[in-house]
Amino acid sequence: MSVFSEEKTHILVSGLVKRYPGAQAPAIAGVDLAIRRGEIFGIIGRSGAGKSSLLRTFNRLELPTEGSVQVAGQDVGSLTGASLMQLRRRIGMIFQHFNLLSAKTAFGNVALPLKVAGVGRDEIERRVTELLDLVGLADKRDAYPAQLSGGQKQRVGIARALVHRPEILLCDEATSALDPESTDAILTLLRDINSRLGLTIVLITHEMSVIHEICHRVVVLDQGRVVEEGEVWNIFGAPQHDVTRALLRTLQKTIPGDLREGLLDQPQASDDRLVLDLHYTGGQGRGPDLAGLVEALGSGVELLFGGIDRIQGHGQGHLLVAIERRGRSDADILARVQSLSDDVRKLGYVPDRI
Amino acid sequence: MSQIVYDRLIEGTIDTLLMIGISSVISLLLGLPLAVLLATTTRGGVFESPWFNAGLGSIVNVVRSIPFLILMVALIPFTRALVGTSYGVLGAVVPLSVATIPFFARIAEVSLREVDRGLVEAAEAMGCSRWHIVWHVLLPEARPGIVAGFTIAVVAMINASAVAGAIGAGGLGDLAYRYGYQRFDTQVMVTVIVLLVALVMLIQLFGDRLALFLNKRK
Ligand SMILES: Nc1ncnc2c1ncn2[C@@H]1O[C@H](COP(=O)(O)OP(=O)(O)O)[C@@H](O)[C@H]1O
Ligand SMILES: [Mg+2]
């Protein structure tokens, strides 16, 4: 396969099928993916889409039924015993519910992976201290998980996952049990780890905002299949699949109620204004050119609602504008703004004053 | 109370404590590995082996379903072969242990099984072997429950030791039987009851305290 010959591919999934015993439909029904070294790769999809099943084949918590997963060129499915343990030490993992040992302190939890690998006591002391420092929990080393907040528990989880200096970090809904503030802090930490340590991060989430915040590329899964894959700004700017659109709806600001109710299907008075929805996908370096709008339409343009978001340097979003018609036909106005955004839709009419 | 009775009470208490002490240690040393075997060989366990589990489980169930008095009598040849006598403290230790091991193992098994599956998974993901998981995850996480279960088992053992006493094992049970039942000596009877109640309360108190101390989940 051509992708594989590329130096940059870190995890290569080919023809992956995962069928659980007793289940009718396969959880993964033929997935091909190439995750690049050093990127933050997102996996999204509805609940039950197969995200966890996919992720768990990467460190062989699940054995592929068909197809293969290769990590840095090594076929994960063929590993057993000691070589499997070696692989798992190269891949850290964090979980939605943290999965910390309640009977061990923060220090004990982070130390465990080293301890079972036979690392000496001084080395453990040094490494665990370093990791607790990295995640900002130096002062909590003797606290038990029950004494920590959710965000702090996940930090311990991250420290534990990184203690073997892995090359890959897998995150299964790592922020889903956290409040927005802790989520932000954890995402910042992950981004920091990615850029400082050069780790490849694969993360599952059902929160679009998480993908938006830190991922470089994203794959959308549905019923065990890839329905869409690509750069985050691309997928967010121009989603092709219904599932993606449905997932993205949570991020979009809906038109405020008063505006929606005030919209008329047909103009009632001659000075009723035309309402257009200008969509910017962020492609071709085209952002919302306000001066261009005024130039194309004259001065009677009012910005009613909307917003532009920046993802990976691409501005994208929607602007709702009310345009004075001044005797011009709708087709004429549409033609004038056509080249100024990626997609224009006519929503209706509003009175002169709203 | 005569000096003789007084001496017998002291002696009986020491015998009972010895019986319980030795049997407790044996039950812990053999019951805990049995519990680990039962808990880890079930479906989804780290040493999954349903047939082995079913076989072992049946043996445990058979032993547990035999009433202690009958078990003790049935074990007499085995006890003689093992410790040379079926009387006295040593003679009681064998049936007491045989009865307590499967009982304690079943209670400890429940605690081990209740350890969150996610913790086992996290341990696997960090490169733990199956023995690492038993030692570093299952046993420490189940420890408060195991201690509480062991307390229950020891208290149940005190109960059984009185039955054992009545058929030749000595100890407080023997005294109560001889003075209370055969001679209607209420004073000795009441003293024995007070001693037994105190013993049970002490063990329960200590067990509860220890379980609470070990529980870091709160
Ligand atoms: N261990 C398992 N045994 C049987 N079925 C499973 C198991 N794990 C997941 N499944 C099933 O596989 C499908 C995909 O699950 P999962 O990968 O957890 O999805 P997601 O993480 O996207 O919610 C679901 O239908 C789920 O019920
Ligand atoms: Mg999941």
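Everything numeric in this text was worked out from a predicted model, so none of it was measured.

Engineer: Can you help me understand the overall build of chain B in this one?
Structural biologist: Regarding its fold elements, chain B presents 9 helices and 0 strands. Each helix and strand of chain B, placed in order from N terminus to C terminus, yields the pattern α-α-α-α-α-α-α-α-α. Counting only C-alpha atoms and orienting by the principal axes, one finds that chain B spans roughly 70 × 40 × 25 Å. Scored against the burial criterion, the 218 residues of chain B give a buried share of 47%. The long-range fraction of contacts in chain B, counting pairs at least 24 apart against all pairs at least 6 apart in sequence, stands at 72%. For chain B, the exposed surface amounts to about 11,100 Å²; the carbon and sulfur share of it is 69%. Of the charged side chains in chain B, 15 are positive and 13 negative; the average position of the first set lies 2 Å away from that of the second.

Engineer: When you look at the site of ligand 1 in this model, what are you seeing that I'm missing?
Structural biologist: All names here are of chain A. Near ligand 1 the following residues occur: Tyr20, Ala27, Arg46, Ser47, Gly48, Ala49, Gly50, Lys51, Ser52 and Ser53. In this structure, an oxygen atom belonging to ligand 1 sits 3.2 Å away from a main-chain N or O atom of Ala49. One nitrogen or oxygen atom from the main chain of Lys51 is found 2.9 Å from an oxygen atom belonging to ligand 1. With the chains in place, 55% of the 560 Å² that ligand 1 exposes on its own is no longer accessible.

Engineer: Just checking my understanding: could you explain unusual backbone geometry for this structure?
Structural biologist: Peptide bonds are mostly trans, and most non-glycine residues show a negative phi. Residues and elements named next belong to chain A. The phi dihedral of Phe98 falls on the positive side, at around 70°, and the residue is not glycine. In this structure, Phe98 sits in the loop between strand S6 (91-95) and helix H4 (106-116). Positive phi, normally seen in glycine, also occurs at Arg326, with a value near 45°. Within the secondary structure, Arg326 sits in the loop between strand S13 (314-323) and helix H13 (330-337).

Engineer: What should I look at first to understand helix H5 (residues 88-113) of chain B in this one?
Structural biologist: Owing to its 3.6 residues per turn, the α-helix brings residues three or four apart onto one side. Counted at 1.5 Å a residue, the expected span for H5 of chain B with its 26 residues is 38 Å, and the 38 Å between its end C-alpha atoms agrees. Maximum bend of H5 of chain B: about 25°, positioned at Thr100 of chain B, with proline Pro102 of chain B one to four residues after it.

Engineer: Explanation requested: the packing of H4 of chain A against helix H6 (residues 150-162) of chain A in the structure shown.
Structural biologist: Any two packed helices are characterised by how steeply their axes cross, that is the angle between the axes, and by the distance between the axes. Residue and element names in this part refer to chain A. At a minimum axis separation of 7 Å, H4 and H6 run at an interaxial angle of 25°. Here H4 is positioned roughly parallel relative to H6, judged by the angle of their axes. As H4 packs across H6, the resulting crossing turns out to be right-handed. The residues of H6 that touch H4, namely those facing Ala106, Asn109, Val110 and Pro113, are Val156, Ala159 and Arg160.

Engineer: Got a minute to help me understand the UniProt feature "domain: ABC transporter" (unreviewed entry) in chain A in this structure?
Structural biologist: In the numbering used here, UniProt assigns the "domain: ABC transporter" (unreviewed entry) feature to residues 11-248 of chain A. Taken end to end, residues 11-248 of chain A comprises 39% helix and 25% strand; its first and last C-alpha atoms sit 26 Å apart.

Engineer: Just checking my understanding: could you explain the pairing of strand S1 (residues 9-18) of chain A for this structure?
Structural biologist: Side-chain direction in a regular strand flips from residue to residue, so the side chains alternate between the two faces of the sheet. Residue and element names in this part refer to chain A. In terms of residue burial, S1 counts as a mostly covered element, since 9 of its 10 residues are buried. Where S1 meets strand S2 (residues 28-36), 7 bridges bridge the pair, whose relative direction is antiparallel. Following the sheet pairing, Val17 is matched in S2 by Ala29. Pairing of S1 with strand S4 (residues 66-71), which is carried by 5 bridges, proceeds in the antiparallel orientation. Looking across to S4, one finds that Leu12 is bridged to Gln70.

Engineer: Could you clarify how one ought to interpret the interface of chain A and chain B in this entry?
Structural biologist: At the junction of the two partners, chain A supplies 23 residues and chain B supplies 20 residues. The interface formed by chain A and chain B includes 1 salt bridge. One salt bridge in this structure joins Arg56 of chain A and Glu121 of chain B, with 2.7 Å as the shortest N-O distance. At the surface where chain A touches chain B, the tally comes to 7 residue pairs in polar contact (both at pLDDT 80 or more). Of all the elements in the fold, those that place two or more residues in the side of chain A that touches chain B are helix H3 (81-89), S6 and H4 of chain A. The element best represented in the side of chain A that touches chain B is H4 of chain A, accounting for 4 residues.

Engineer: What is the right way to read the packing of aromatic side chains from this model?
Structural biologist: Residue and element names in this part refer to chain B. Throughout the structure, instances matching the rule amount to 2 aromatic pairs over all chains. Seen from their ring centres, Phe104 and Phe150 are 5.1 Å apart, and the 70° between their planes marks the pair as edge-to-face. Taken together, the positions of Phe104 in helix H5 and Phe150 in helix H7 (residues 130-169) put the pair 46 residues apart, joining distant regions of the chain. Both residues of the pair, Phe104 and Phe150, belong to the buried class. When the ring centre of Tyr179 is taken as origin, the NZ or CZ atom of Arg183, which lies over that ring, is 4.5 Å away. Note that Lys216 overlies the ring of Phe213, its terminal NZ or CZ placed 4.5 Å from the centroid.

Engineer: What is the right way to read the nonpolar core from this model?
Structural biologist: As a rule of thumb, soluble globular proteins bury nonpolar side chains together. Membership of the largest hydrophobic core comes to 55 residues, with the highest contact counts inside it found for Leu112, Ile133 and Val192 of chain B. Sort the elements by how many residues they give to this core and H7 of chain B lands first, with 15 residues. Apart from residues no more than four positions distant in its own chain, Val192 of chain B is found in contact with Leu9, Leu172, Leu175 and Ala176 of chain B. Leu169, Ile186, Val210 and Leu247 of chain A belong to the second-largest nonpolar core, a separate cluster that totals 51 residues.

Engineer: Looking at this model, I keep getting lost on the packing of H4 of chain A against helix H5 (residues 121-134) of chain A. Mind explaining?
Structural biologist: All names here are of chain A. Here H4 crosses H5 at 130°, and the two axes come no closer than 9 Å. Compared by their axis directions, H4 and H5 come out oblique. H4 and H5 meet at a crossing whose hand is right-handed. For the pair formed by H4 and H5, the contact residues are Phe107, Val110, Ala111, Leu114 and Lys115 on the first element and Ile124, Glu125, Arg127, Val128, Leu131 and Leu132 on the second.

Engineer: It is not clear to me how the sheet that holds strand S9 (residues 217-222) of chain A should be interpreted in this structure. Could you clarify?
Structural biologist: Two pairing modes exist for strands in a sheet, parallel and antiparallel, and in both the strands are linked by backbone hydrogen bonds. All names here are of chain A. Across the sheet, 6 strands lie side by side as S6-S7-S8-S3-S9-S10; this open sheet has mixed pairing. Bordering the open sheet on either side are S6 and strand S10 (225-231), each of which pairs with just one other strand. For this sheet the average axis-to-axis angle between neighbouring strands, irrespective of direction, equals 15°. When strand S3 (residues 40-45) meets S9, the two strands line up parallel, connected through 5 bridges. Each bridged residue has a counterpart across the sheet, and for Ile43 the counterpart in S9 is Val219.

Calculation rules
- Residues numbered from 1 in each chain as written.
- Chains lettered and ligands numbered in written order.
- Predicted model: local features only at pLDDT ≥ 70, side-chain atom pairs only at ≥ 80, totals over all residues.
- Heavy atoms only, no water.
- Helix = DSSP H or I, 4+ residues; strand = E, 2+ residues; numbered from the N terminus.
- Buried < 20%, exposed > 50% of the residue type's maximum accessible area, 1.4 Å probe, protein only.
- Contact = heavy atoms within 4.5 Å.
- Areas by Shrake-Rupley, 256 points an atom, 1.4 Å probe, with all protein chains shown as cover.
- Lys, Arg positive; Asp, Glu negative; His and termini not counted.
- Charge placed at Lys NZ, Arg CZ, Asp CG, Glu CD.
- Near = heavy atom within 4 Å.
- Polar contact = N/O pair within 3.5 Å; in protein donor to acceptor, adjacent residues only side chain to side chain.
- Expected span 1.5 Å × (residues − 1).
- Bend = angle between axes of the 7 residues up to and from the residue.
- Axes fitted to C-alpha atoms, helices over the stretch in contact; angles between N-to-C directions.
- Parallel < 35°, antiparallel > 145°, perpendicular 65-115°, else oblique.
- Left-handed = near helix turned anticlockwise from the far one by under 90°.
- UniProt positions renumbered as here; feature names shortened; annotations may be inferred.
- Pairing = 2+ DSSP bridges.
- Salt bridge = Lys/Arg side-chain N within 4 Å of Asp/Glu carboxyl O.
- Phe/Tyr/Trp six-rings, centres within 6.5 Å; stacked < 30°, edge-to-face > 60°.
- Lys NZ or Arg CZ within 6 Å of the ring centre and 35° of its normal.
- Core = buried A, V, L, I, M, F, W, Y, C linked by side-chain atoms within 4.5 Å.

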